[in-house]
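Examination of the molecular architecture
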Amino acid sequence: MSQQLTQEAITALADVWYKKLDIHAPMVELLPLLADEELEMVFPEATITGWAGFEGWFQRVIRIFFDEVHTLKEVTPTIQGDQAEVKVIVQWEASVWNAPEATSKRIVADAYQTWQVKLQGDQPVITRYVVDDLKYHEGSATL
């Protein structure tokens, strides 16, 4: 019997993804959560493809943002067989320091995202990841 995508598996994928982003986990821990050849990620500042594109983006942002906290607010999948479209809302908090400023700034925003997820073997992986909108909290620094 073939595996099926479930709400629980997709929520677990999102939970693990953000926990690994928070700790700036090694690439070897992040890549298994992403499809390689069909991967497309659309961020406010760039659109990247494949693991190589993700690695370049990730290595840059972990040198910009620190003290990150992602708080998952909503994971709503529409599952069709071994694929799903997933609406994700995550509160993202991060500090950023821009030289030569005397202090860092704190960003707090809700990121509205749309993911495409598929079953790869028996594990869900992200094939497309789009940041649809960033809504900054009052008093937050901005990108």
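Whatever comes next refers back to the structure up there.
Read on for a plain summary of the structure. Counting restarts for each chain, with residues numbered from 1 along the sequence as it is written. With the structure being a predicted model, the display of local features is reserved for residues of pLDDT at least 70 and the display and counting of side-chain atom pairs for 80 or more, all residues being used for whole-chain, interface and lining totals. Side-chain numbers come from the whole structure's heavy atoms, not from hydrogens or water.

1. Some details on the overall build of the chain
In plain terms, the rule: Every helix listed is a DSSP run of H or I at least four residues long, and every strand listed is a run of E at least two residues long, numbered separately from the N terminus. Computation of the radius of gyration draws on C-alpha atoms, with the globule rule given as 2.2 Å multiplied by the number of residues to the power 0.38. Think of it in three bands: with a 1.4 Å probe and only protein chains considered, a residue is buried below 20% of the maximum accessible area for its type, exposed above 50%, and partly exposed in between. Here, residues are in contact when the closest pair of their heavy atoms is within 4.5 Å. Surface accessibility follows the Shrake-Rupley procedure with a 1.4 Å probe radius. Residue values consider only the protein chains on display as shielding. Charge counting follows a simple rule: Lys and Arg are positive, Asp and Glu are negative, and His as well as the terminal groups are ignored. By convention, the point assigned to a charge is CZ for Arg, NZ for Lys, CD for Glu and CG for Asp.
Assigned secondary structure in the chain consists of 3 helices and 6 strands. For the chain, the sequential pattern of α-helices and β-strands runs α-α-β-β-α-β-β-β-β. Over its C-alpha trace the chain gives a radius of gyration of 16 Å, about what one expects of a compact globule, namely 15 Å for 143 residues. Counting only C-alpha atoms, the chain reaches 60 × 30 × 25 Å along its principal axes. Relative to its full complement of 143 residues, the chain shows a buried share of 42%. Restricting to contacts in the chain with at least 6 residues of sequence separation, those with at least 24 account for 56%. If you sum the accessible surface of the chain, you get close to 7900 Å²; carbon and sulfur atoms cover 51% of it. Computed over 11 positive and 22 negative side-chain charges, the separation of the two mean positions in the chain equals 4 Å.

2. Side note on unusual backbone geometry
Trans is the common state for peptide bonds, and a negative phi is the common state for residues other than glycine. Going from A99 to P100, the amide bond is cis rather than trans, its omega being 5 degrees. Mapped onto the fold, P100 is located in the loop between strand 4 (83-96) and strand 5 (105-120). The backbone phi angle of D67 is positive, close to 50 degrees, even though this residue is not glycine. Position of D67 relative to the elements: it lies in strand 3 (residues 65-80).

3. Some remarks on the pattern of salt bridges
When their charged atoms lie close together, side chains carrying opposite charge are able to pair. Rules: Only one rule defines a salt bridge in this text: a Lys or Arg side-chain nitrogen within 4 Å of an Asp or Glu carboxyl oxygen.
Under the counting rule described, the total for this entry stands at 8 salt bridges. Among the ionic pairs, E38 bridges to K118, the shortest N-O distance being 2.5 Å. Placement of E38 in the loop between helix 2 (27-30) and strand 1 (40-42) and of K118 in strand 5 is noted, with a sequence separation of 80 residues between them. On the basis of relative accessibility, which here comes to 44%, the residue E38 falls in the partly exposed class.

4. Some details on the nonpolar core
Soluble globular proteins: nonpolar side chains tend toward being buried together. Quick note on the threshold: For this analysis, a nonpolar core means a set of buried residues of the types Ala, Val, Leu, Ile, Met, Phe, Trp, Tyr and Cys, connected via side-chain atoms within 4.5 Å.
Of all hydrophobic cores here, the largest spans 40 residues; its most connected members are W17, Y18, M41, F54, V86, W115 and Y129. Mapped onto this core, the elements with two or more residues apiece are helix 1 (7-22), helix 2, helix 3 (50-61), strand 3, strand 4, strand 5 and strand 6 (123-136). Ignoring sequence-local partners within four residues, the contact set of M41 consists of W17, L34, A46, T47, I48, F54 and Y129.

5. Here's the deal with the side chain of S140
Residue placement: S140 occurs in the segment after strand 6. Accessibility expressed as a relative area gives 17% for S140, which makes it buried. When neighbours within four sequence positions are excluded, S140 is seen to be in contact with R106, I107 and V108.

6. Points about helix 1
The condition is simple: Helix span is expected to be 1.5 Å times the residue number reduced by one. Directions are taken from the helix axis to each C-beta atom, and the arc is the one they span.
Under the 1.5 Å per step criterion, the end-to-end length of helix 1 is 23 Å for 16 residues, consistent within 8% with the ideal 22 Å. Within the span of helix 1, buried status applies to I10, L13, A14, W17, Y18, K20 and L21. End-on view of helix 1: buried residues confined to an arc of 160 degrees, all on one side of the axis. For helix 1, exposure combined with an orientation more than 90 degrees from the buried face picks out E8 and K19. Following helix 1 by one or two positions, H24 adopts a phi angle in the positive range, close to 50 degrees.

7. Comments concerning the sheet that holds strand 3
The strands making up a sheet associate through backbone hydrogen bonding, with each pair oriented either parallel or antiparallel. We apply this condition: The criterion for strand pairing is that DSSP finds at least two bridges linking the strands in question. All axes are obtained by fitting lines to C-alpha atoms, using only the stretch in contact for helices, and the reported angles, taken between N-to-C directions, cover 0 to 180 degrees.
The strand order across the open sheet formed by 6 strands is 2-1-6-5-4-3, and the pairing between neighbours is mixed. Looking at the sheet topology across the chains shown, the edges are occupied by strand 2 (47-49) and strand 3. Averaged over all pairs of adjacent strands, the angle between strand axes in this sheet comes to 20 degrees, irrespective of strand direction. Both strand 1 and strand 2 contribute to a ladder of 3 bridges, which runs antiparallel.

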